[in-house]
Structure formats: structure tokens, C-alpha cells
Amino acid sequence: MSIRERLSGNEAIAYAMKQINPDVMGAFPITPSTEIPQYFSAYVDNGEVDTEFIAVESEHSAMSTCIGAEAAGCRAISATSSCGLCYMTEMLYVAASDRLPITLAVSCRALSGPININNDHSDAMGVRDAGWIMLFAETNQEAYDNYLQAMRIGEAVSLPIMICQDGFITSHAIENIELEDTAQVRKFVGEYHPEHALLGRENPMAVGAYATPTYYIESKRLQAQAMLDAKQVILDVAAEFKKWTGRSYDLIEKYQMDDAEEAIVIIGSSAGTAKETVNEMRAQGHKVGLIKIRAFRPFPGAEITAALKNVKAYAVMDKADSFNGHCGPLFAEVAAAAMVAGVTTPKVINYIYGLGGRDVRVESIAHVFTELENIAKTGNVGETYRYLDVRE
Amino acid sequence: MTFNFKEEVKKEDRFCGGHRMCAGCGAPITIKNVLKALNPEDKAVICSATSCLEVSTFMYPYTSWKDSFIHNAFENAGATISGVETAYRALKKRGKLDATYKFIAFGGDGGTYDIGFQSLSGAMERGHDMVYVCYDNEAYMNTGIQRSSSTPHFADTTTTPAGTVIPGKQQRKKDLTQIIAAHNVAYVAQTTFIGNLSDLSTKAHKAIYTPGAAFLNVMSPCPRGWRYPSEDILKVTKAAVETCVWPLFEVIDGKWVLNYEPTKKLPVTEYLKMQGRFAHMFKAGNEWMLEAAQKEVDRNWQELLIRCGR
């Protein structure tokens, strides 16, 4: 039986953590994810969970302690944002290559400099190749639901998983939310008991070998396979989650795509604004739609391409720039997937938008659709690498 | 624990031979004897920072470590073993684990004095029930003898070469043992290889079995980096102690205890002259370096005597 509540995204994540009651949390505060370890340490100090909380001296140590704890045979979690995620980067790669299914909540925020505390996806996109499964949320509800599914997914393929939401936009905004019953949550998430661990097994375990060229690439190939396998696991866990809660999840969400002629591909909270734009424009007779990416890693290239194959023009919306003089990170992956699938009829452009918390309004997205309609009509794409709502 | 050499050598090694450390390296001597200080019935999880030790003892698919072992990265052995120790407490609390485990991290001076300093400081301050052992060989030996903050004044390294204008390292050695003692941890000690290694073994046992965070700083010479004949390692460590370059002491719950005072403190040159890294200090015109080195040793020794209530 669901419980109706009003929570911020950070509270929702902390509440999910409390319901799961993991073994170890290692965390260091950084805006806008600070509230997560704050709420959680209150649960610890008030005896609402019996998790061991390690208040470490940096994000690098937060991920290092999680690696130690998870290798020891425990469920280990952390939360971070922005520069904190950057500072963890080296350890994110180790967590993935050691095949440790740690769960990390990320309240996405811009990177310095200039220093900025507001939302974009530069932090998460900066670590997109670290080997982590990455799920993004549009709403607080999705952040909560993704978190409840996270450990089932990560532990099934022995990969760490990042549950990303937009800093402040969802992390601090209070929304209506349906929470699940704690006993049901624990039943769904289950216990973690890896076959091998540093502690409590008949045989000792050694983690973190030096691998010469004779072995290194095979270890990477196995890691790549785990990411390939994760796709079906995400779908299976979502199906089970739907049976339990009635809320359905997929790798991507298609919104008004059936007969869409112009579309955008987008990640995170701005999808909400974009859906409103689609509704308004549809009411005026424009055949527009959107694709929201929930699973960025593994990348649902085939699914995105299949959904886009009949549109006339689409824009890939990047809330981060790659500074390659060419395109943002999401564009590169969507375009590569389309090329691989041979879907080259639609015209395609890239928008870099919302950096450092620049507000994304209904009019901003409407402008993108209008541009796409012009491109569809004239066949003239113009500049493909564009910035949205920027003073030039 | 009373040290009994005959009993000690009978204990089974928890660190196997056949690894790829250089002949005569001080690090395996440190590791082997620290691990022997574990009660045989206790299990342990060992962590190593990236180092000569790690890449030479855990090259896939072989390992020299009989206990559970984790290598994470260069700069985070303190945090990594903190995570394992915390996991142990979590599992114990939840009734999921019966056995007694001890937690020991090893790092070279690079991974301890320098790049891993913050992680170590954090782990010590939080007071995890663990021992951090620095095998101090006074430079980054794994990458080829570059200076560290542990490298002694004037030493010739590949990033502080004894040049015609700048004669070796220009800074004094960082006093890490004192810095860790300032963390108010349960047990801190400085040791090296003397005689039958009773000092090392006794301190390792105390460090492992004192509840809370403990730190051992073990001078563990590197024959290649220090440039002395490999077989002379025990002469070098003895000279370090007899000249008071590397005094043997403990800090037990904040109380400083001097473990050994030479009856006749030898001049520092007796230690320096054994090692190629100090050879330029003995050239004509460089007498000032020897004088400066002696002054520094004398000052450090006097300060230590005061801390030890002498």
C-alpha cells in the first residue's frame, strides 16, 4: 500500500536509503546533495537504521571506503554532486572494474569554473565512461523509484550504479510522491550476499590485482559484457517493480512520438518542461514529441533510434558540453547509434542548454521545436552545434 | 607479549615467498614480520597502497597474501581499510559474522607521507580499529627513486639529483610519526630492523592488538635507491639507530616512550657514508652539508628526549 507524501528529491533518496537500511554509508557533503548524508546520519543517530555511517574527509575517501566495504561483502552507498563526483572519478573506475555494485546518489550540478552550485549534467557526463550503470530521474518520484530498483540491477550484473537527479530542480523542490511500505521495499530489494568477499568466507579473497597485457583486456571485455547484460536486467527489474507499485519504467520514455514529425531527445527534469511544451504545441496542431532517456548507461542506442526513425527532424538536448568544438556528449552517442542503425533520413541538430542552472522554460523548448519545423520544411540544417537561451 | 625469537620463527608465514620484490628489499622484511605478529588464530584483511609492494606481490593470477587482500589505489589505503573495518563492524552488529578479523594497511612513504596523507589522516582521526604501517624507504622507489617528503636533506634522487648548482634535496625530512601522534591515536611507534627484530615484532603486536587506530613507521631501506650493497641492510638500519637518525620510540595514549638510547651516539657520517645517495656530501667543499646534517640530527634527538621526559 503506497503512502502519499510530499518530499524533496534529496529527502526521497534519503528515505529510500532508510527503508533499504544498507550496511555502510561513506559520504562527504557537497551542495546540492548534502542533505542526503544529513538526513541519513539523523536516521543513524536516532536508531532508525543500523547502518554504519562513515563521515569521511573527502569524496575520494567516500568512494574508497565504499569500495572497501562492498568488497568486504556489504552493501555500501554514497551520495555526491559536481566537483565531488569529479574528485571520486579515479575510484569510480576502480569500483566498476572490481565489479562492486555500490549505489551512488548524484544530485547533478555544474562543474567549476566559474564556480556554480546549480544544475546541469557536466558532473555525471564527465564520468560517463567510468563503467557505472547510470539512471536519470525527471521527478522526485522517479528518483525514489530508481533508487529502489538500483541495488537489484547493480548486484545482478556486479556493476556499480548511479542514481542521478537534477540538483535543486528536483533535489530541493518538494513534490507529491508515493512512498512504498518499508517491509515491501526490503522484500523487493532483498539481501546482498556475494559469493566471494574479504570477510566471512571460507576462503580469503584478493581484490585489485596488477594485470599485465596478458590479462587486462579480458577483464575489460567481461566488464563490457556486464554492461551489455544490464539492459535486460533494467527491464526485468522494472517489470517486477510495476507489478508491485503500478509505476512503469523503461530504458527510455517516449512521449507523443507515435506520429511525431519533430522531436527532442532529453535527460532529466527538463523533460517535464518539454512535455508541457509538447502538450501546448500539440494543442496548436504541431506534431511534436520527445524521448526522455532514463538509462544513459547502458546506452539505449537501438531504442532511441527506433523511436526517431520516422521523424523529419530532431534535436539532441545536452545539459553539458564536451568542448570538442563539435557537439555535446549525448548528441555524439545518439548520432553514432543512428548511423549504426542506418537511420540517416531525419535531420539532426544539437543544443547545449541549461548550463549552471540557466532556466529552461516552455518557450525555450518551443523555440527548439520551431527551429526543427523550419529545418524539416526547408531541409536546411544550418549550424548543428548550438547553444540555447544564451547571450552571444 | 614477551618476544620469543624461537617461537616467532616457528610461526607460519602469512606472506609467501616467490614474489617479485628486489633481493635485499626492506619492505618484505617489514611485511612478513608485521603479519607474524598476528595471533595465528585471528583472520586479517590486508590493504596495500599502490607501490612496489603491491605490483610485485599481487600480479594476476598470483598472490603472495594468504589473508584477504585489497589494493585500491595509490592514495587511499587509509580510507580503503576504513571501509573494510567499518563493514566488519556492520556485519558483526547484524550477527552476520563470527570470526575475529584484524585490519592492516601498508603503504610506502609516497603513499603515506605524500599522496595518501589526507586519506591516512582521515582514517586515524576517525579512529578505526586498524593499523597503518608505513614501510619508509625515503623516496618513490616504484617509479624510480624520485624524492618524497620523507627523503632526507641532501639526498641524491632522480628528481633531486646532486647537481653542480643544487646538491640534492633541499628540504628536511617530514616527521610523519610525530604528525600521526598529534592525531591522538591509541598507539604510534617508530621502528626498524635491529638484532632479532624483537622491536619490530613487539610493536607490531601492540599496534594490532591495541583497540583503535595505530600507526607504525618502519624504516625499510631500498638498496637500489640508497645505493649500498644489499647484504648490508642490517648494518644500515643499525647505523640509523646508533646515530639517532631513526630513533626507536612509541607514543602510547599520548605518552612518549624512548625505547633505545645509544650508549655512545655515533656521528651521522657513520650512517651517511654507507650510502651512495649521500656520497656527494663527502666531497671536498661540501663539509657544510655534513655539519648541517649533524645539527639536524642533534636537534631532532634533543626534541625527542624532551618529549620522552628525559
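Quick caveat: nothing in here was measured; it's all calculated off a predicted structure.

**Overview of the overall build of chain A**
For step 1, the next point in the chain: Counting its secondary structure elements, chain A contains 12 helices and 16 strands.
For step 2, the next point in the chain: Taken over the C-alpha trace, chain A has a radius of gyration of 21 Å; the compact-globule value for 392 residues is 21 Å, and the two agree within 12%.
For step 3, the next point in the chain: Viewed in the frame of its principal axes, chain A has a C-alpha envelope of about 70 × 55 × 45 Å.
For step 4, the next point in the chain: The 392 residues of chain A split such that 54% are buried.

**Side note on the confidence of the model for chain B**
For step 1, the next point in the chain: Residues with a pLDDT of 70 or more make up 100% of chain B, whose mean pLDDT is 97.
For step 2, the next point in the chain: With pTM at 0.98, the complex prediction returns an ipTM value of 0.97.

**Topic: the interface of chain A and chain B**
How large an interface is tends to be reported as the accessible area lost when its parts come together.
For step 1, the next point in the chain: Taken together, the 38 residues of chain A in the interface contact 39 residues of chain B.
For step 2, the next point in the chain: It is helix α3 (residues 59-71) of chain A that provides the largest number of residues to the side of chain A that touches chain B, a total of 9 residues.
For step 3, the next point in the chain: Residue composition of the side of chain A that touches chain B, by class: 22 nonpolar, 11 polar and 5 charged.

**Looking at α3(A)**
All names here are of chain A.
For step 1, the next point in the chain: In this model, α3 (13 residues) spans 18 Å end to end at C-alpha, consistent with the 18 Å of a helix rising 1.5 Å per residue.
For step 2, the next point in the chain: Of all the 13 residues making up α3, 13 are buried; the element is thus mostly covered by neighbouring parts of the structure.
For step 3, the next point in the chain: Downstream of α3 by a residue or two, Gly73 has a phi angle that is positive, lying close to 110 degrees.

**Quick look at the packing of helix α1 (residues 9-20) of chain A against helix α2 (residues 35-45) of chain A**
How two helices pack is summed up by the angle between their axes together with the distance between the axes.
Residue and element names in this part refer to chain A.
For step 1, the next point in the chain: Running from N to C, α1 and α2 point in directions that differ by 40 degrees, and their axes come no closer than 9 Å. In terms of their interaxial angle, α1 and α2 are classed as oblique. Like other packed secondary-structure pairs, α1 and α2 cross with a definite hand, here right-handed. Where α1 abuts α2, its residues Asn10, Glu11, Ile13, Ala14, Met17 and Lys18 lie against Glu35, Ile36, Tyr39, Phe40 and Tyr43.
For step 2, the next point in the chain: Taken together, the residues of the contact of α1 with α2 break down into 7 nonpolar, 1 polar and 3 charged.

**Some words on the domain arrangement of chain A**
Residue and element names in this part refer to chain A.
For step 1, the next point in the chain: Entries for chain A in the domain assignment read domain 1 (3-245) and domain 2 (252-387).
For step 2, the next point in the chain: Each of domain 1 and domain 2 was reduced to a C-alpha centroid, and the two centroids are 28 Å apart.
For step 3, the next point in the chain: Contact residues are listed per partner, giving 24 residues for domain 1 and 19 residues for domain 2.
For step 4, the next point in the chain: Secondary structure elements with two or more residues in the side of domain 1 that touches domain 2: α5 (122-126), β6 (133-136) and α8 (216-245).
For step 5, the next point in the chain: In terms of residue count, α8 provides more of the side of domain 1 that touches domain 2 than any other element does, 5 residues in total.
For step 6, the next point in the chain: When grouped by side-chain class, the residues that make up the side of domain 1 that touches domain 2 number 12 nonpolar, 7 polar and 5 charged.

**Details of the nonpolar core**
For step 1, the next point in the chain: Ile13(A), Ile264(A), Val265(A), Val84(B), Ile104(B) and Val133(B) are the most contacted members of the largest nonpolar core, which has 219 residues in total.
For step 2, the next point in the chain: Counting contributing residues per domain, this core is built from domain 1 (3-245) and domain 2 (252-387) of chain A, each supplying no fewer than three.
For step 3, the next point in the chain: Setting aside residues up to four positions removed in sequence, Val133(B) forms contacts with Thr30(B), Val34(B), Ile104(B), Ala105(B), Phe106(B), Leu216(B) and Val218(B).

Analysis parameters
Residues numbered from 1 in each chain as written. Chains lettered and ligands numbered in written order. Predicted model: local features only at pLDDT ≥ 70, side-chain atom pairs only at ≥ 80, totals over all residues. Helix = DSSP H or I, 4+ residues; strand = E, 2+ residues; numbered from the N terminus. Rg over C-alpha atoms; globule rule 2.2 N^0.38 Å. Buried ≥ 20, exposed ≤ 12 C-beta atoms within 10 Å, placed from the backbone. pLDDT = per-residue confidence, 0-100. Contact = placed C-beta atoms within 7 Å. Nonpolar A, V, L, I, M, F, W, Y, C, P; charged D, E, K, R; others polar. Expected span 1.5 Å × (residues − 1). Axes fitted to C-alpha atoms, helices over the stretch in contact; angles between N-to-C directions. Parallel < 35°, antiparallel > 145°, perpendicular 65-115°, else oblique. Left-handed = near helix turned anticlockwise from the far one by under 90°. Domains from an automatic or database assignment. Core = buried A, V, L, I, M, F, W, Y, C linked by C-beta atoms within 7 Å.

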